[in-house]
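One letter stands for each residue in the lines below.
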Amino acid sequence: MQTIKIFGLGASGLDQLPLGVYRQLTQTGAPLTARTLDHPVVRELVQEGLSIESFDTVYEDHQQFGGVYEEITTRLLERPEEVIFYLVPGHPMMAEKTVQLLLEKEKDGAVNVEIEGGQSFLDATFTTLGIDPIEGFQLVDATDIKREQLTYTSHLILCQVYDAMTASEVKLTLLEDLPAAHPVTIVTAAGGTDEHVRTVPLEDLDRSVEVDNLTSVYVPPVEKTHLNHQFFRLREVIRVLRSPEGCPWDRKQTHESLRKYLIEETYEFIDAVNQMDDDQMVEELGDVLLQVMLHSQIGEDEGYFTIDDVIVSVTDKMIRRHPHVFGEVRADTTDEVLTNWEAIKQQEKGEASPRLLDSVPESFPALLQAEELQKKAAKVGFDWEDVTPVLEKVEEEWQEFQEALTSGDREEMEKEFGDWLFAIANLARHYRLNSENALQRTNRKFRMRLSSMEESVEQSGRKLEDYDLDALEELWVQAKAKHKGAE
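Residues numbered from 1 in each chain as written. Predicted model: local features only at pLDDT ≥ 70, side-chain atom pairs only at ≥ 80, totals over all residues. Heavy atoms only, no water.

Q: Where do I start with the overall build of the protein chain in this structure?
A: Scanning the protein chain from terminus to terminus reveals 19 helices and ten strands. In terms of C-alpha radius of gyration, the protein chain reaches 35 Å, well past the compact-globule figure of 23 Å for 487 residues. A principal-axis box enclosing the C-alpha atoms of the protein chain has dimensions of 115 × 60 × 50 Å. The burial tally for the protein chain puts 36% of its 487 residues in the buried class. (Helix = DSSP H or I, 4+ residues; strand = E, 2+ residues; numbered from the N terminus. Rg over C-alpha atoms; globule rule 2.2 N^0.38 Å. Buried < 20%, exposed > 50% of the residue type's maximum accessible area, 1.4 Å probe, protein only.)

Structure below.
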C-alpha cells in the first residue's frame, strides 16, 4: 500500500523547521512534493539543491479552492511511488484541507498516511500579536468563511488569506457586523525574518495591502455593546430585565398579562405592511420579537422552556413539513405542498385524530374565525356547491334579525345579527373574497374620508361638531370625490 508522509513546513523560514524534519527531507530518497512552492522553507531547500515538485498549476485550473484540494489528493493517490514525502505549510493538522482528504482516504483503506509534524503558525502569531488564547480564541479558514460561524467576543484569526480576492471576501463578510473603520491586523510570515504586521481599517483590508499564502487577519475582541444586532445580545438584555436587578415592570409580567401586547404589536405590524412602510415594519417586528423573548424568558424563569426550545421546535417543524426541500418528496405545485403539509401535520398529531375545528383558535378575531371554521367544514363536504343557497341564507338571517329587532329583545338581536355576519362571511368565501381584508379596506376608506372632512373644516377654524347632519353629508360627498382614485 502506498504511504504518504506529510511534513509541516512551519509558518516562515528554515530556522523554524524542526531538525528531525530537516534531516528526513535532506536525506531521503523518496520524491518530495509540495502543495505549493510559494513558501520560504521550500525556496531555501531548493537553494540547497533539493528537487521539489509542486501542485501550483492546479490552482490555475480551478476557480474554487475545494476543487484544487480534491485534485491534489487525487494526483497524490495516482502516483506510482510506494513512499511520497508531501510538504505543506504550517502544521499538517492545522487548516490543511488536503491532509483531511488524505486521512479520509486512509479510513477507506486506500492509502497509509503518516503525519511527521511541523510548527503551526499559531504559536508565532500569538507571540506577534501578544494575545493569550485562553481568553477565548477562534480560528477560521478565510477561503470558506461564513458569517454565522464568527464569534466576535473572543480573539478571531482568519487564516489562509491567500490573495486580494480572499481578502475582499473576508472584508465583505466582516462588514456585515463591524463598522468600516474597525481596526484589523494583517500578519504575514509570523515569527520569521520576513514577518510583516500592519493594522488597517477594515474597509482597507483588500486595498493597498499585499497578502500571500502566509497571511492571516486578526480581529480583536469586540465590545458586546457594538453587537446589539446579534441574537445573543437581545437574549442577554431580556434576561437582565427579568432578573432581580432588572426592571420591576418586566419582572412582574406573566404569560397572561402579556397576551394583549402580543396582539397589539401584531396588529401594528400589519398596519405597517398595509402602509408599505419598511422602517415601521422593522420596528414593529422588533416589538413582536420582544414579546416572543419575554414569554420565552418567563418560561425559562419558571423552569418549563427556553427560547432554545422555541427555536428548535419551529426549525424541526419547518424541516419536517418541507420534505420537498429537505427530503426526497416531490412537490411541484402549491396544492401539492399544502396537501403534504396537512398530511404531515396529521401524522404529528398521532393516532388520536383531533376534532375538525380544534385547529381554529377561539382567540382569532371573530370575522377571521368565522371564515376559518367554514373552510374546515367545507373540507369534509359540509358546504353548498354554488352561491345561490348562500345568498338565500344571508337573506334568511337578515329577516330573523328584523324579527328580533321588532320584538325588542336585545339578546336575541345580538344572536341573530351574529348569524347574519356569519352568513356574510360565508358569502365572501364563496366569491373567493377575504372578508377580513374587505372590511379592513372599508375601514381604511372611512378613515381617509373622515380625516379629509376634518382637514376641510379645520381650515375655516371650525370642528365637525359645529355642523349638522346635512352639512356633514355634503362634506362626506366632497371627501369621497377628492379621494376616489386613492381608495
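Q: How should the sheet that holds strand 9 (residues 196-201) be read in this particular structure?
A: Two modes of strand pairing occur in sheets, parallel and antiparallel, and in both the strands are linked by backbone hydrogen bonds. What the five strands build is an open sheet, ordered 6-7-10-8-9; its pairing is mixed. Among the strands making up the open sheet, the edge pair consists of strand 6 (137-141) and strand 9. Within the sheet, the average angular offset between the axes of one strand and its neighbour, ignoring direction, is 20 degrees. (Pairing = 2+ DSSP bridges. Axes fitted to C-alpha atoms, helices over the stretch in contact; angles between N-to-C directions.)

Q: Explain the pairing of strand 8 (residues 183-188) to me, please; I cannot follow it from the model alone.
A: Most of strand 8 is tucked away, with five of its six residues classed as buried. Taken together, the six bridges between strand 8 and strand 9 define a ladder with antiparallel strand orientation. When the bridges of strand 9 are listed, Pro183 appears paired with Pro201. Here four bridges tie strand 8 to strand 10 (residues 215-219), and the two strands are oriented antiparallel to one another. Each bridged residue has a counterpart across the sheet, and for Thr188 the counterpart in strand 10 is Thr215.

Q: Sorry, what's going on with the packing of helix 18 (residues 435-458) against helix 19 (residues 469-482) here?
A: Between two packed helices, the angle of one axis relative to the other and the distance separating the axes together describe the packing. Helix 19 packs onto helix 18 with a crossing angle of 115 degrees between their chain directions and a minimal axis gap of 9 Å. On the basis of the axis angle, helix 18 is roughly perpendicular to helix 19. Seen along the crossing, helix 18 lies across helix 19 with a hand that is right-handed. Along the contact surface, helix 18 presents Phe446, Arg449, Leu450, Ser452, Met453 and Val457, while helix 19 presents Leu472, Leu475, Trp476, Ala479, Lys480 and Lys482. (Parallel < 35°, antiparallel > 145°, perpendicular 65-115°, else oblique. Left-handed = near helix turned anticlockwise from the far one by under 90°. Contact = heavy atoms within 4.5 Å.)

Q: Could you clarify how one ought to interpret the side chain of Ser154 in this entry?
A: Summarising the element assignment, Ser154 is placed in the loop between strand 6 and strand 7 (155-159). With near-sequence residues (within four places) excluded, Ser154 lies in contact with Gly136, Phe137, Gln138, Val219, Pro220 and Pro221.

Q: Explain the nonpolar core here, please?
A: Side chains of nonpolar character tend, in soluble globular proteins, to be buried together. If you look at the biggest cluster of nonpolar residues, it comprises 23 residues, and the most contacted ones within it are Tyr152, Leu156, Leu158, Leu174 and Leu205. When contributions to this core are tallied by element, the ones reaching two or more residues are strand 7, helix 7 (164-175), strand 8 and strand 10. In contact with Leu158, other than residues within four places in its own chain, are Val140, Ala142, Ile145, Val170, Leu174, Thr215, Ser216, Val217 and Val219. Among the nonpolar cores identified, the runner-up in size contains 20 residues, and Ile4, Phe55, Ile72 and Leu76 belong to it. (Core = buried A, V, L, I, M, F, W, Y, C linked by side-chain atoms within 4.5 Å.)

Q: Is there a simple way to explain a negative patch on the surface in this structure?
A: Together, Glu454, Glu455, Glu458, Glu465 and Asp466 make up a negatively charged patch on the protein surface. Within the secondary structure, Glu465 sits in the loop between helix 18 and helix 19. (Patch = residues over 30% accessible without salt bridge, like charges linked within 9 Å, V, L, I, M, F, W, Y side chains within 5 Å. Areas by Shrake-Rupley, 256 points an atom, 1.4 Å probe, with all protein chains shown as cover. Salt bridge = Lys/Arg side-chain N within 4 Å of Asp/Glu carboxyl O. Lys, Arg positive; Asp, Glu negative; His and termini not counted. Charge placed at Lys NZ, Arg CZ, Asp CG, Glu CD.)

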